[in-house]
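# Secondary and tertiary structure notes
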Amino acid sequence: MLNDIEKYRYSRHLLLDEVGAHGQEKLKAAKVLVVGAGGLGCPVLQYLTAAGVGTIGIIDFDKVDETNLQRQILFTMNDVGINKAIAAKVRLEQLNPYTDINSIDQKLTTENALELFSQYDIVVDGTDNFSTRYLVNDACVLANKPLVYGAIYKFEGQVSVFNYNNGPSYRCLFPEAPEAGSVPNCSEIGVIGVLPGIIGTQQANEVIKIILEIGKPLSGKLLTYDALNATQLIVNLTRNEKQVKIAQQIDLKTYDYDYFCGIKKDDTMNEISVQELKNLLEKEDLQIIDVRESHEMPKVEALKALNIPLQTIPQNMGKIAKDKKVIIHCQHGVRSMHAIDFLQQNGFDNLYNLTGGIVMWEN
Amino acid sequence: MTLELKYLGMIAEAVGKQEEQLTISVKTVEGLCDYLITEHEQLKNHKFKIAVNHKLVESNFLLNNNDEVALLPPFAGG
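Residues numbered from 1 in each chain as written. Chains lettered and ligands numbered in written order. Predicted model: local features only at pLDDT ≥ 70, side-chain atom pairs only at ≥ 80, totals over all residues. Heavy atoms only, no water.

### Here's the deal with the overall build of chain B
Scanning chain B from terminus to terminus reveals two helices and five strands. Put simply, chain B runs from its N terminus to its C terminus through helices and strands in the order β-α-β-α-β-β-β. Relative to the compact-globule value of 12 Å for 78 residues, chain B shows a C-alpha radius of gyration of 12 Å, a close match. Sequence separation of 24 or more characterises 52% of the internal contacts of chain B that already satisfy a separation of 6 or more. Taken together, the 7 basic and 11 acidic charged side chains of chain B have centroids lying 5 Å from each other. (Helix = DSSP H or I, 4+ residues; strand = E, 2+ residues; numbered from the N terminus. Rg over C-alpha atoms; globule rule 2.2 N^0.38 Å. Contact = heavy atoms within 4.5 Å. Lys, Arg positive; Asp, Glu negative; His and termini not counted. Charge placed at Lys NZ, Arg CZ, Asp CG, Glu CD.)

Given below as structure tokens:
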């Protein structure tokens, strides 16, 4: 229940038929996690706190830098050098004492994401790199939380709502991460300061619509905004079951997002794409080894793969050919990388890692 | 056929414009992409998705005269 001070504070919300006292109580009961307190995170946090969202989590490992102040409007000169999640909490508590702010001054990782996400109703993506964006998406799919997505580039931004009422996920829009280093972030290429304000405010609006169950959330739609021309384009997206399944089947304990995004590369390891493998299969005799557990799906019959689960590789090295090319695969290409690493240390030099794993076969 | 092309983000920089009207004889989105990559070599370094008439489509999608085709790259920044 709202007390008299809260009723006064939120009176402009209470006047709206679409919000009212009932809606304001929904906002108070809501728990929203904002990943990244940067350009997008700042306006999201500011508007959600002002709106009276009852519990707000902020996770950011980074410290405020003077170059952030051009657009990250929660912070002042006094915050330079202080962790962003902690500095944001101080400011937001000054703004609204009726909101509980939990600040987490750590990096979002495959270890902490699921437990953290499970404590909130909605997750907001305000990150600045693809590894974390895919992690946020997949953890939202696994924890079954709606994801309010925003991303920016110079004068342009994207907004969408993913994983909401069986709608599409980020992977349905972009199944493959771009080549490492091919898409710069704001600190590399610059950004007009007001742009994250516009896009972040749109994200805050989507969060509030989802909590209040009013209007039409941007689920199944990607909104792109061009600040130079003040134009926007809305594109309809559909849920791609195959891509959602990829996220659903990910074991965060073993998945390596830096590897998926091509940030981590091992120059001593030969990689082979699904297409290259399909071509090679027609030309020469290969040995294919599946290092997943025997129950893991999908199985590709055409490969006639020999199943040697990763943990049993040491005692099964005798089964691995040395006189022809050996393709090693797993689900997503990470365990197979570990297998190759081990086998190369044991004298094998004829091994190829199936890039992206067997899930890429149908794509 | 004539297509209305819209280039977003880094794609606009790779092709040197934000939009253009293109008269071309291709059947599918894949054919259009192949043409654009030959015209603008830099495009092959970029990942992007294609929306035709405001709907995300796959590469085998059949194009029609006057279709509006948008090239959407992923954005990293936040």
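### What about the pattern of salt bridges?
Side chains that differ in charge, positive against negative, can pair when their charged atoms come close. Residues and elements named next belong to chain A. All chains considered together, the criterion is met by 17 salt bridges over all chains. The closest approach of N and O atoms between D138 and R171, which form a salt bridge, is 2.6 Å. Of this pair, D138 sits in helix α7 (residues 130–143) while R171 sits in helix α8 (residues 170–173), and the two are 33 residues apart along the sequence. For the pair D138 and R171, a shared accessibility class is recorded, and that class is buried. Two residues, E284 and K325, come together in a salt bridge whose shortest N-O distance is 3.6 Å. Placement of E284 in the loop between α13 (274–283) and β10 (287–290) and of K325 in the loop between β11 (306–307) and β12 (326–329) is noted, with a sequence separation of 41 residues between them. Here E284 falls in the partly exposed class, since its relative accessible area comes to 33%. By relative accessible area, which is 27% here, K325 ends up partly exposed. (Salt bridge = Lys/Arg side-chain N within 4 Å of Asp/Glu carboxyl O. Buried < 20%, exposed > 50% of the residue type's maximum accessible area, 1.4 Å probe, protein only.)

### A look at the sheet that holds β12(A)
All names here are of chain A. Reading across the sheet, the five strands line up as β9-β13-β12-β10-β11 and stay open at both edges, with parallel pairing between neighbours. Each end of this open sheet is capped by a strand with a single partner; those strands are β9 (270–272) and β11. One ladder, built from four bridges, connects β10 with β12; its direction is parallel. Residue D290 lies in a different strand from β12, and its bridge partner there is H329. Across the sheet, α13 touches β9, β10, β12 and β13 (351–354), and the angle it forms with β9 is around 85°. Of the strands in this sheet, β12 and β13 are in contact with helix α14 (residues 335–345), which crosses β13 at around 170°. (Pairing = 2+ DSSP bridges. Axes fitted to C-alpha atoms, helices over the stretch in contact; angles between N-to-C directions.)

### Details of the packing of α7(A) against helix α11 (residues 241–248) of chain A
All names here are of chain A. Packing of α7 against α11 brings their axes to within 8 Å, and their N-to-C directions diverge by 85°. What the angle tells us is that α7 and α11 run roughly perpendicular. Between α7, through D138, V141 and L142, and α11, the contact on the second element is made entirely by V244, A247 and Q248. (Parallel < 35°, antiparallel > 145°, perpendicular 65-115°, else oblique.)

### What about the pairing of strand β7 (residues 221–226) of chain A?
Residues and elements named next belong to chain A. The element β7 is extensively covered by neighbouring structure, given that five of its six residues are classed as buried. Bridge count between strand β6 (residues 156–162) and β7: four bridges; the pairing is antiparallel. Its bridge partner being in β7, E156 is matched across the sheet by D226. The sheet contact formed by β7 and strand β8 (residues 231–236) spans six bridges and is antiparallel. Within β8, the residue paired with D226 across the bridge is T231. Hairpin geometry of β7 and β8 is characterised by an intervening segment of four residues between the two adjacent antiparallel strands and by a positive phi of about 50° at A230.

### Quick notes on the interface of chain A and chain B
Facing 41 residues of chain A, the contacting portion of chain B comprises 22 residues. Of the roughly 2,500 Å² buried between chain A and chain B on both sides combined, carbon and sulfur atoms contribute 59%. A per-residue breakdown of the area chain A buries against chain B is headed by A:Y153, A:E156 and A:L233, which together make up 22% of the total. Where chain A touches chain B, the interface holds two salt bridges. With its nearest N and O atoms 3.6 Å apart, the salt bridge here joins A:E176 to B:K47. Across the contact surface, chain A and chain B share 15 residue pairs in polar contact (both at pLDDT 80 or more). Mapped by element, the contributors of at least two residues to the side of chain A that touches chain B are α7, β5 (147–153), β6, α8, β7 and β8 of chain A. Class assignment of the residues belonging to the side of chain A that touches chain B gives a composition of 21 nonpolar, 13 polar and seven charged. (Buried area = accessible area lost by both parts, 1.4 Å probe. Polar contact = N/O pair within 3.5 Å; in protein donor to acceptor, adjacent residues only side chain to side chain. Nonpolar A, V, L, I, M, F, W, Y, C, P; charged D, E, K, R; others polar.)

### Things to note about α14(A)
Within α14(A) the residues assigned to the buried category are A:R335, A:S336, A:M337, A:A339, A:I340 and A:L343. Following α14(A) by one or two positions, A:G347 adopts a phi angle in the positive range, close to 95°.

### A look at the nonpolar core
Among the nonpolar cores identified, the biggest contains 45 residues, and A:L108 and A:F117 are the most heavily contacted of them. Only β1 (31–35), α6 (113–117), α7, β5, α8 and β8 of chain A together with β5 (68–72) of chain B provide two or more residues apiece to this core. If one sorts the elements of this core by residue count, α7(A) sits on top with six residues. Look past the residues within four positions of A:L108 in its chain and what remains in contact with it is A:V35, A:I59, A:A113, A:L116, A:F117, A:T132, A:L135 and A:V136. Counting 43 residues, the second largest nonpolar core, distinct from the first, contains A:A37, A:C42, A:V124 and A:Y225. (Core = buried A, V, L, I, M, F, W, Y, C linked by side-chain atoms within 4.5 Å.)

### Considering the side chain of B:H40
Examined against the element boundaries, B:H40 turns out to sit in the loop between α2 (29–39) and β3 (49–52). If we ignore the near neighbours within four places in the chain, the residues touching B:H40 are B:A14 and B:V15.

### Observations regarding unusual backbone geometry
Working note: non-glycine residues mostly have negative phi, and peptide bonds are mostly trans. Backbone torsion omega between A:M297 and A:P298 reads 0°, so that peptide bond is classified as cis. Note on placement: A:P298 falls in the loop between β10 and β11. Of note, A:N165 is a non-glycine position whose phi angle comes to about 50°, a positive value. Of note in the backbone geometry, B:N66 takes a positive phi value of approximately 70° without being a glycine.

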